[in-house]
Amino acid sequence: MQFTEENLERYSRHILLQDVGVEGQEALSQAKILIIGAGGLGSPAALYLAAAGVGTIGIADADVVDLSNLQRQVIHFTKDLNKPKVLSAAEKMQAINPELKVDSYHEFLTAKNIRAIVRKYDFVIDGTDNFAAKFLINDACVMEKVPFSHGGVLRFDGQTMTVYPGESACYRCVFGAPPPKGSVPTCSEAGILGAIAGMLGTMQATEALKHVIGIGERLTNRLLSFDAKNMQFRTINVNKNPKCAVCGKNPTITELKDEEQAVCEL
C-alpha cells in the first residue's frame, strides 16, 4: 500500500509507536480478519479493527438487529432494527474507514461451509453466543491452521484465550466437549452487563492486531478470566492436551459436525 498524506495522518498514532511504525501499518492494510458474530463481542472488535486500518474484515452473522441487542451491541443503532447485522456492521465500519473492504456473510456458519470461509483469513475472532458454535470454530480453525481468539461473557464475567493450531492448547484441549444442553444459563436467562462485552471484544481485537503486526505475547496457553463486578483479573495456565480429540497426536475428530445448542444472544 502506498500511504497518502491522509493515511499517514489517520494512522499517525500507530506509526509513532516503535513496535508498529509504517511497516506494521502496512501489515495491517494487507491483513484479512474474520469476525464470527456481530453481537456484543464482535461489535467493539469490528469497530477497532476498522479504525486500525485492517484491509479486509469478514463479518458473519445470520441474525437481524433486535431491540434487546442495543444494550451491548454498540455497532448497531436504533435505526437499524430488523436490518441484517452484517449489513449494519459493514455500514458502521466503512463509515469509520472508507478504504476498508468488508466481506459479509449473512448466514449461519455450519460444518458444511465454515472451513471454506475460515481459510480465506489470517486470524479469526470468535464472538459467538453458544458452545456448539465455539467448538465448531475451534475445530475448523485447527483443521485449517488459522489462529483465533476465543471469547465468552455472562453476567459480570468474561474469559478469553488465543489459539495457534499445532502450537498451543486449543479450546477443546481445555474444555473437552460442549456441556449438556440446558446445563449452563444463556445471557437471555442470566443477563449480562453490556460493558462487559465491550471489555472482552476489545481484548480480542488487540490480540488480532498483535498477531498481524507480530508484537508482544499472545494469550496462548493462558486463559484470561475476569470478574468485572469486583474488577479482578486472573490468568490460568493451560497445556496442549496430547489426547485432544481434534489437535492431539491421534485425533478422533477428523470431520466437522454441527451440534444443537441454545444461544445466549451476546
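Residues numbered from 1 in each chain as written. Predicted model: local features only at pLDDT ≥ 70, side-chain atom pairs only at ≥ 80, totals over all residues. Heavy atoms only, no water.

Caption draft 1: A look at the overall build of the chain. Along its length, the chain carries 10 helices and eight strands. Relative to a compact globule of 266 residues, whose C-alpha radius of gyration would be 18 Å, the chain shows 18 Å and is just as compact. C-alpha atoms of the chain, sized along the principal axes, occupy 55 × 45 × 40 Å. For the chain, the proportion of its 266 residues judged to be buried stands at 52%. As displayed, the chain has an accessible area near 12500 Å², and 52% of this comes from carbon and sulfur atoms. (Helix = DSSP H or I, 4+ residues; strand = E, 2+ residues; numbered from the N terminus. Rg over C-alpha atoms; globule rule 2.2 N^0.38 Å. Buried < 20%, exposed > 50% of the residue type's maximum accessible area, 1.4 Å probe, protein only. Areas by Shrake-Rupley, 256 points an atom, 1.4 Å probe, with all protein chains shown as cover.)

Caption draft 2: Here's a closer look at the packing of helix α4 (residues 42–52) against helix α10 (residues 194–213). Relative orientation of the contacting elements α4 and α10 amounts to 40°, with a least axis distance of 7 Å. For the element pair α4 / α10, the angle class is oblique. Between α4 and α10 the crossing geometry is right-handed. Contact with α4, carried on its side by P44, A45, Y48, L49 and A52, involves A197, G198, G201, T202, A205, A208 and L209 of α10 and no other residues of that element. Split by residue class, the contact of α4 with α10 holds nine nonpolar, three polar and no charged. (Axes fitted to C-alpha atoms, helices over the stretch in contact; angles between N-to-C directions. Parallel < 35°, antiparallel > 145°, perpendicular 65-115°, else oblique. Left-handed = near helix turned anticlockwise from the far one by under 90°. Contact = heavy atoms within 4.5 Å. Nonpolar A, V, L, I, M, F, W, Y, C, P; charged D, E, K, R; others polar.)

Caption draft 3: Representation of the pattern of salt bridges within the structure. Enumeration over the complete set of coordinates arrives at 12 salt bridges. In this structure, D80 engages K79 in a salt bridge whose closest nitrogen and oxygen atoms are separated by 3.2 Å. Overall, the relative accessible area of 0% leaves D80 in the buried class. In this structure, K210 engages E207 in a salt bridge whose closest nitrogen and oxygen atoms are separated by 2.7 Å. (Salt bridge = Lys/Arg side-chain N within 4 Å of Asp/Glu carboxyl O.)

Caption draft 4: Fine view of the environment of M199. Looking at the element boundaries, M199 is found in helix α10. The partly exposed category is assigned to M199, whose relative accessible area is 23%. For the pair M199 and V153, spaced 46 residues apart in sequence, the C-alpha separation works out to 9.8 Å. For M199, the contacting residues outside a window of four places in its chain are F226, A228, M231 and F233.

Caption draft 5: Geometry of the packing of aromatic side chains. Considering all chains together, one arrives at three aromatic pairs under this definition. Considering the side-chain rings of Y171 and F175, the 4.8 Å spacing of their centres and the 45° angle between planes classify their relative orientation as tilted. Taken together, the residues span about one helical turn, with Y171 and F175 both in helix α8 (residues 171–175) at a distance of four residues. The exposure class of F175 is partly exposed, given its relative accessible area of 32%. Through a chain of ring-to-ring contacts, the aromatic side chains of F135, Y171 and F175 assemble into a single cluster. Lying across the ring of F77, K92 places its NZ or CZ 4.7 Å from the centre. (Phe/Tyr/Trp six-rings, centres within 6.5 Å; stacked < 30°, edge-to-face > 60°. Lys NZ or Arg CZ within 6 Å of the ring centre and 35° of its normal.)

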